[in-house]
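A structural walkthrough
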Amino acid sequence: LSQHLRRLLYSFFHCCTMSTKEEKMQAEAEAKQKMKAAIAKRKEEARLKKEEKEREIAKQKELERIAAEEKEKTASEKIRRHKEEIQRQKREEEEKLLKQKQQEEEERASAEKSMKDKIKERKQLVAEQEEQKRLEREEKKRKEDEERQQALAEQKRIIEANKEEAKRRREEQEQEAKSKELAEQEARKQELAERKKKRKEELQKQKEEKERLEKEKREKEAAENAKREAERKQQQEKRRQELLKQKQEEEEAERKLREEAEEKQRKMEEEQKEAMRKHQEEIKKQKEAEKDLASEELQKLEEERAAEFEREQQRRKVEMERIIAAEEERRKKAEEKIKALGHKAPVNRCGLFTVFGEEPGLEIWVLGDHQISKIAKKKHGLRGLIGESHGSFHVERAYIILHTSFSGGFYHYRLHSWVGPECSEEMKKQAEERLKELETGLIMDDLETITHEYKDEESDEFRAYFDRPIEYVESVTLKATTGPNYLDKSMYRIKGRNLVRCKRVDPRPENLNSGDVFILEDSFGIYQFNGRKSNKMERGKALDFGVQLRIERNARVRVHIIDEGNPQCEHENNKFWAALRLDRNADGEFILPDGHEKSGAVGATPTGLELPITPPEKAGDDIEWEQQYVSSWKMYQVHPKSIPEDKMPSEDMEVELVDVEVPSKGPTVDQLNEWNVVILDCDTEIFVWYGNYSTEKARRMGRNKAKELSEEAHRDPCTVVTKVRQQTETYMFKEKFVGSWGEYADFDFTEEHIRGNIANLVQEDVNIDCMYYPEKYANASEDRALPPPNKDSTIESSLEIYLVSEHDKIELPKSEHGVFYSGNCYLMMYELKMGVDQAGNDKSRHIIYFW
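If you're wondering where the values come from, they're calculated on a predicted model, not measured in any experiment. (Residues numbered from 1 in each chain as written. Predicted model: local features only at pLDDT ≥ 70, side-chain atom pairs only at ≥ 80, totals over all residues. Heavy atoms only, no water.)

Below, the discussion takes up the sheet that holds strand S16 (residues 685–690). Two pairing modes exist for strands in a sheet, parallel and antiparallel, and in both the strands are linked by backbone hydrogen bonds. An order of S14-S13-S15-S16-S17 is seen for the five strands of this open sheet, with the pairing classed as mixed. One side of each edge strand has no neighbouring strand; the edge strands of this open sheet are strand S14 (655–660) and strand S17 (720–725). When strand polarity is set aside, the average angle formed by the axes of neighbouring strands in this sheet is 15 degrees. Pairing between S16 and S17: six bridges, direction parallel. For Ile 686, the partnering residue across the bridge sits in S17 and is Val 721. (Pairing = 2+ DSSP bridges. Helix = DSSP H or I, 4+ residues; strand = E, 2+ residues; numbered from the N terminus. Axes fitted to C-alpha atoms, helices over the stretch in contact; angles between N-to-C directions.)

Turning next to helix H7 (residues 696–710). Helical geometry note: an α-helix holds 3.6 residues per turn, so side chains three or four residues apart project in the same direction. In this model, H7 (15 residues) spans 21 Å end to end at C-alpha, consistent with the 21 Å of a helix rising 1.5 Å per residue. Of the positions making up H7, those classed as buried are Ala 698, Arg 699, Gly 702, Lys 705, Ala 706 and Leu 709. Across the axial projection of H7, the buried residues extend over an arc of 125 degrees, all falling on one side. Those residues of H7 that are exposed and angled more than 90 degrees off the buried face are Lys 707 and Glu 708. The inward-facing, buried residues of H7 contact strand S13 (634–640), S14, strand S15 (677–681), S16 and S17. (Expected span 1.5 Å × (residues − 1). Buried < 20%, exposed > 50% of the residue type's maximum accessible area, 1.4 Å probe, protein only. Arc of directions from axis to C-beta. Contact = heavy atoms within 4.5 Å.)

Further remarks concern the side chain of Ser 417. With respect to the helices and strands, Ser 417 occurs in strand S5 (residues 410–419). At 3.0 Å, the side chain of Ser 417 forms a polar contact with the side chain of His 452. If sequence neighbours within four positions are ignored, Ser 417 has contacts with Tyr 399, Ile 400, Leu 435, Thr 451, His 452 and Glu 453. (Polar contact = N/O pair within 3.5 Å; in protein donor to acceptor, adjacent residues only side chain to side chain.)

Spanning 12 residues, helix H5 (residues 570–581) covers 16 Å between terminal C-alpha atoms, matching the ideal 16 Å at 1.5 Å per step. Burial in H5 covers these residues: Glu 572, Asn 573, Asn 574, Phe 576, Trp 577, Ala 578, Ala 579 and Leu 580. In this fold, the buried residues of H5 make contact with strand S8 (490–495), strand S10 (517–522), strand S11 (525–530) and strand S12 (559–563).

Among the surface-exposed residues, Leu 1, Leu 5 and Leu 8 lie close enough to one another that they form a single nonpolar patch of about 350 Å² accessible area. By the element assignment, Leu 5 lies in helix H1 (residues 2–341). Judged by its relative accessible area of 45%, Leu 5 is partly exposed. (Patch = residues over 30% accessible without salt bridge, like charges linked within 9 Å, V, L, I, M, F, W, Y side chains within 5 Å. Areas by Shrake-Rupley, 256 points an atom, 1.4 Å probe, with all protein chains shown as cover. Salt bridge = Lys/Arg side-chain N within 4 Å of Asp/Glu carboxyl O.)

The residue Asp 683 is not glycine, and still its phi comes out positive at about 70 degrees. Along the chain, the position of Asp 683 falls in the loop between S15 and S16.

Applying the stated rule across the entire model yields 22 aromatic pairs. Judged by centre distance (6.1 Å) and plane angle (70 degrees), the ring pair of Phe 462 and Tyr 465 falls under edge-to-face. Comparing Phe 462 with Tyr 465, the two get one shared label, buried. Both rings, one in Phe 733 and one in Phe 737, keep their centres 4.8 Å apart while their planes meet at 50 degrees; by these two values the pair is tilted. Assessed through its relative accessible area of 0%, Phe 733 is described here as buried. Taken together, the ring pairs in this structure connect Phe 393, Tyr 399, Trp 418, Phe 462, Tyr 465, Phe 466 and Tyr 472 into an aromatic cluster. Directly above the aromatic system of Phe 524 lies the positively charged group of Arg 584, at a separation of 3.9 Å from the ring centroid. (Phe/Tyr/Trp six-rings, centres within 6.5 Å; stacked < 30°, edge-to-face > 60°. Lys NZ or Arg CZ within 6 Å of the ring centre and 35° of its normal.)

Moving on, we get to the nonpolar core. With 31 residues, the main nonpolar core has Ile 494, Ile 519, Phe 545, Met 635, Phe 687, Phe 733 and Phe 737 as its most contacted residues. Contributing elements (two or more residues each) for this core: S8, S10, helix H4 (536–552), helix H6 (622–631), S15, S16 and helix H8 (731–734). (Core = buried A, V, L, I, M, F, W, Y, C linked by side-chain atoms within 4.5 Å.)

In terms of burial, S11 is a largely internal element, six of the six residues being buried. Residues Gly 525, Tyr 527 and Phe 529 of S11 are buried on one face, and the alternating residues Ile 526, Gln 528 and Asn 530, pointing to the opposite face, are buried as well. Where S10 meets S11, six bridges bridge the pair, whose relative direction is antiparallel. Looking at S11, one finds that Val 517 is bridged to Asn 530. The antiparallel pairing of S10 with S11 creates a hairpin that spans two residues between the two strands. Of the strand pairs in this sheet, S11 and S12 are connected by five bridges, and their pairing is parallel. Considered in S12, the bridge of Phe 529 is made with Ile 562. Taking the sense of rotation as the criterion, the β-α-β connection linking S11, H4 and S12 turns out right-handed. (Right-handed = clockwise from strand over helix to strand, strands pointing away.)

This next bit is on the pattern of salt bridges. Following the criterion strictly, the structure yields 56 salt bridges and no others. Residues Glu 685 and Lys 736 are paired through a salt bridge, measuring 3.3 Å at the closest nitrogen-oxygen approach. One end of the pair, Glu 685, is in strand S16; the other, Lys 736, is in the loop between H8 and helix H9 (751–754), with 51 residues separating them in the sequence. You'll find Glu 685 and Lys 736 in the same group, each marked buried.

The next thing to look at is the sheet that holds S10. Pairing in this open sheet of five strands is mixed, and the strands run S9-S8-S10-S11-S12 from one edge to the other. The sheet is open, and its two edges are formed by strand S9 (501–505) and S12, each paired on a single side. Averaged over all pairs of adjacent strands, the angle between strand axes in this sheet comes to 20 degrees, irrespective of strand direction. Pairing between S8 and S9: five bridges, direction antiparallel. Bridging from a neighbouring strand, Arg 493 pairs with Lys 503 of S9. In the packing of H6 onto the sheet, contacts are made with S8 and S9, and the angle to S9 comes to roughly 70 degrees.

This is the structure in structure tokens:
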């Protein structure tokens, strides 16, 4: 019974407990739901309040904006009225000034008129007085002349009488002097004959005495010679006996010395053997001692290395703790800066700046119209590109410069702005905004300094960023021209046999002859006139010259070849004579002389202009002309007195102008040095060659010398001064020098080099005619149809743009396509990829533009 009661009580207690837990859980769930509802209600109320507040703020801003606009309109209206009032007052003042000026002009005119009348009357009176005085002077002068003539006639008569008397006396004196002189001459002759006779006798006596003395002297010398010869023979015999005895003694002494040396050598070898044995024993002992010592030193060295490693680890730990502490301090300072600026988080890459400060070095941005572009680092070494090189700043632009350095485990930054003096106010304001923007991007980093730089006032720290002095690029205003832009006609004479030369001459028919070749160049063509007696060397040289001129003109003109007397060249001959004798108008048509019939066809070549030319006999010998032409050349050189050790040109270098001797065959390529400026005077052509490292001072001196030479009185009217830069030399300049310019590569023609490839070589025909008459050949490269712009989306196309720099090209990113600077040259390649044909050949088409 008691067990049954216990079970009932336990069951009842358990049921009560379970019901209490369920009620508790239900109450908690209800409380949570009420709390969530209250929170949701508070959030909704907060959201409504926020929206109400935002609407009020927006309304307030709108009201402020409307008020500002009204205020601005009112202010602008007031300004406009004020300007109109000022303009009205200005017009009234100008009208008053104009009236006052007109009155003053009228008064001045009347005063000048009265003054002129008075001056005119005074001049007439003075003229009458002068005329009267002149007549009186003439009458007085006439009387004086008559009196003077009478006195002169009397004086002349007296002088004639005196002359007659003096002549008579002079003749008498001459006769007396002649007779006296004849007597004296006769006496002198007799005295001279007696002296000659005495002198002859004395000479005969002296000769006999001299012969006697010479005979005695010869006899005496013969006796003395015989005596000396006997004495010499005795001495030689005595000397021979002494030498024989001395030789025997020397041989005996040498034998004794040899025996003594052999004995010494034997003893020395024995001593060396004994010393070697002792030395080996000592080395053996020393090695054993060193072995013991090395083991002790090795152990000591290992202990020192372990201690050094521990010290290094400790030093690195301290350095790392210092770096971490510095980083923590810098981070706190950056957070304080951000807090002061009101930013929630730092902006590392912001606005128009995308990548910066990621590696040590210098970064420069140039500002444009509401845009900014970064100058590529590969342009750091380029000089002279307008606004596009480090160290070269345009006066009309603004720049942002960031210098990054790395030390102590951190990047350190220095920020500068450079504003040109001719920069607009809008661009200056933009530079300030960009500088502030970049400063914000570096707020978490170590930004050491921020400075503003201006032209000629840069700080030493800013100038130290660049290897050379800072260059300023001034603004350039191009001058507008009117009328056709035609080249001046120029003509060259090609003459010679061994070293054929080209000489510039006046483009006139009188300078032509039948013995040489001539090249005429104008804006519409290149004409080669071959004289009927010209040699093949001259014609070949002219052919090469014409091709090079066409290449320098970008193949935009044709080369016309005219053989004198060849009826097949009649059309080209008419073109040549028209180009030589006539000028062209703005449309490119020939201006015909008076009386010449004009053809009805547009662009027709005038005929009947040919003139007789000089025969070949008067052209002179080719070889003599070569020597005379080259010998007339003069060469000057402007070079630095000393080249700096760092091989960097500087305007502080002293330069001097010296004459250079021209070899008989002409100057050589080796005489051109990259540090020098060379002036070559070839009569009608003066070349000024600039080396790559020549300074502006040297170039200025060279230009002045060339100008001085060109202004000499004996120069022909066709003389020109041509400036040439190293590695961009023209054909006319290269033609004057002897030696290789590096156009051709050396090739090894030995059997080992060409073996295995000779069978693969293909000989192709070269069509020379195609070079001069491209219109005859449909496949000529310059007359091929250009690929049309790609309008078909199924055809793949591409465009590449390169900036030409020195002797290299730099590809531009697509973001810079379409932006061209007037001081640069660009190369563009457009490609259409049109697949392949049936034979598997690529059908891609290309076009290359030069800008």
